Amino acid sequence: MPDNIYKRVAFFSGQSIPLEMHKARMVQRIYLRHIKDRQEVIGKAGNNTFLLPNRDVFLDMLTDSGVNAMSEAQYAAMLLADDSYAGSETFYRLEKTIQEVFGTEYYLPAHQGRACENILANSYVKEGQYVVTNFHFTTTKAHITRLGGKIFEAVGEDAAKTVSSNLFKGNYDMDKFKSFVKETGVENIAFVRIEAGTNLIGGQPVSMANMREVSEYCRSQGLKLVLDASLLADNIYFIKTREKAYESKSLAEIVLEMSSLMDIIYFSGRKLGCARGGGICTASKEEFLRMRDLVPLYEGFLTYGGMSVREMEAMNVGIKETLDIDIVSQTPLFVEVLGSELEKKGVPVVTPYGGLGCHVDALRFVDHVPQTEYPAGALAAAIYLAGGIRGMERGTLSEQRNPDGSEHLSSMELVRLAIPKRVFSLSQIMYAADRIGWLYEHRHLIGGIKFSDEPKTLRFFLGTLVPVSDWQDKLVEAFLKDMPSGL
Ligand SMILES: Cc1ncc(COP(=O)(O)O)c(C=O)c1O
């Protein structure tokens, strides 16, 4: 069976749309509420899409975390799970897969990605030390700063540009990185981290060539290199399709090569492996022992790490399926369709298209809303109003305040429309493009939002906000004029 069907099937009509290499055999009923109901619901949710009940959401594009469609092989494997606290066969099966896929001998299980970050931060970060990363992720940063650590971001300048021709915007800027290490001193750097791909700047990938450069430099300096492989599936797809030297390599070869450049790899199994769970792997016994004792303390015994055995079985199969190009290509190809449909309507999106989802650029969409009134948060609420579509704010709202309490204005204001793997149909993607296109035509009606309740940590999860004016009433009125059914 050739491994690149996705590339070779062309439509005789000349149309260019991705062909799904799966069929749906179990489905979930969803509902599209009237816009007046949507207005009430988003108000009750404090204009925070995290707080929307799923029953009121038509297309849930909040995240791919734990909501990718699972395969029949994953469900079947769940029935075989060996339910034991210690020494479960399920764990050994998963450990063997991880050893084969990543080529690392040691695997520490953890219940999700941030649990791995907690263990890593507790094991390596001392007060005042830096973690260098291409770009931060919300939970990673929170764990590091909680222990008095600091973050230095080493992406290049165009990473924060929403329009670019750089196919690997997640790459380290080597000059910036090396100067920082020289100025700061190796002893003040806890570890170096590569997030592949980078979540907060639009799912942008990192090239293998860049990972190799970072790795060689880290090894020459005695710096530890950690890979966050949560978004690995999209990243390996982009390496294969955008990096010439890897065109004819299999995804398995790409993962093994990437892994050989790292000292430690961790991942969220809610993303990688289309299941729920996570873990840390390493080829080094020394690193393994340094982290090991924290697993029973925070997660659970070493052979389950806070995961149910059923989830471990699903993750075991899901990680193997990540090496199938027809499976991992589905999200990036659908992101491309949504991105290009939106661009046809003039909607500003992040380019080149990345993985994970399509990212709408709120700074250009609602350029009249000041950053202190959370343009991406306001746009996410407006997108829900216009289409029952739940996206996620990835901008200033997702940032922590500065130690003096002032706002840390984000370099980007994005609304992420995540495309979980094999969940949506193409007509649903076209609907999303249509409603966001309508909203763009009426963008002048959208106003800002302000906190009514602001939690101190990770405020974007549970914070509630209110519109700064009656802009939502006006938006609903305009929608009803164009779509009298209210749907
Ligand atoms: C790059 C990256 N790292 C870490 C995490 C945290 O993983 P989890 O949500 O499983 O805790 C995520 C989750 O979105 C992520 O995208």
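Our subject is the structure listed above.
Parameters and conventions
- Residues numbered from 1 in each chain as written.
- Predicted model: local features only at pLDDT ≥ 70, side-chain atom pairs only at ≥ 80, totals over all residues.
- Near = placed C-beta within 6 Å.
- Nonpolar A, V, L, I, M, F, W, Y, C, P; charged D, E, K, R; others polar.
- Axes fitted to C-alpha atoms, helices over the stretch in contact; angles between N-to-C directions.
- Helix = DSSP H or I, 4+ residues; strand = E, 2+ residues; numbered from the N terminus.
- Parallel < 35°, antiparallel > 145°, perpendicular 65-115°, else oblique.
- Left-handed = near helix turned anticlockwise from the far one by under 90°.
- Contact = placed C-beta atoms within 7 Å.
- Buried ≥ 20, exposed ≤ 12 C-beta atoms within 10 Å, placed from the backbone.
- Pairing = 2+ DSSP bridges.
- Right-handed = clockwise from strand over helix to strand, strands pointing away.
- Arc of directions from axis to C-beta.

Draft legend 1. Spatial organisation of the site of the ligand. Taken together, 15 residues form the shell around the ligand, and within it Gln-112, Gly-113, Arg-114, Ser-230 and Ser-268 come nearest. Within the shell around the ligand, the residues separate by chemical class into two nonpolar, eight polar and five charged.

Draft legend 2. Local environment of the packing of helix α2 (residues 35-44) against helix α17 (residues 375-387). Where α2 contacts α17, the axes come no closer than 8 Å and their chain directions differ by 150 degrees. In terms of orientation, α2 lies roughly antiparallel with respect to α17. Crossing handedness for the pair α2 and α17: right-handed. From α2, Ile-35, Arg-38, Gln-39 and Ile-42 reach across to α17, where they touch Ala-381, Tyr-384 and Leu-385. In terms of residue class, the contact of α2 with α17 is made up of five nonpolar, one polar and one charged.

Draft legend 3. Geometry of the pairing of strand β6 (residues 225-228). Of the two faces of β6, both are covered, the one formed by Leu-225 and Leu-227 as well as the one formed by Val-226 and Asp-228. Judged from the four bridges that link them, strand β5 (residues 189-195) and β6 form a sheet pairing that is parallel. Bridge pairing in β6 places Ile-194 opposite Leu-227. Crossover connection from β5 via helix α8 (residues 208-221) to parallel β6: handedness right-handed. As paired elements, β6 and strand β7 (residues 264-268) share three bridges and run parallel to each other. The residue bridging Asp-228 from the neighbouring strand is Tyr-266, located in β7.

Draft legend 4. Structural context of helix α10 (residues 251-260). Along α10, the residues classified as buried are Leu-251, Ile-254, Val-255 and Met-258. Across the axial projection of α10, the buried residues extend over an arc of 95 degrees, all falling on one side. In this fold, the buried residues of α10 make contact with α4 (89-102), α8, α9 (232-242) and α14 (325-328).

Draft legend 5. Layout of unusual backbone geometry. In the segment running from Ala-196 into Gly-197, the intervening peptide bond is cis, with an omega of -10 degrees. Not every positive phi belongs to a glycine, and Asn-47 is a case in point at roughly 55 degrees. Mapping Asn-47 onto the fold places it in the loop between α2 and β1 (59-60).

Draft legend 6. Geometry of the sheet that holds strand β9 (residues 357-361). The strand order across the open sheet built from three strands is β9-β12-β11, with neighbouring strands paired in antiparallel fashion. Of all strands in the sheet, those bounded by a partner on one side alone are β9 and β11 (392-394). Looking at each pair of strands side by side, their axes are set apart by 30 degrees on average, direction ignored. Inspection of the sheet shows β11 paired to strand β12 (residues 414-418) by three bridges, in the antiparallel sense.

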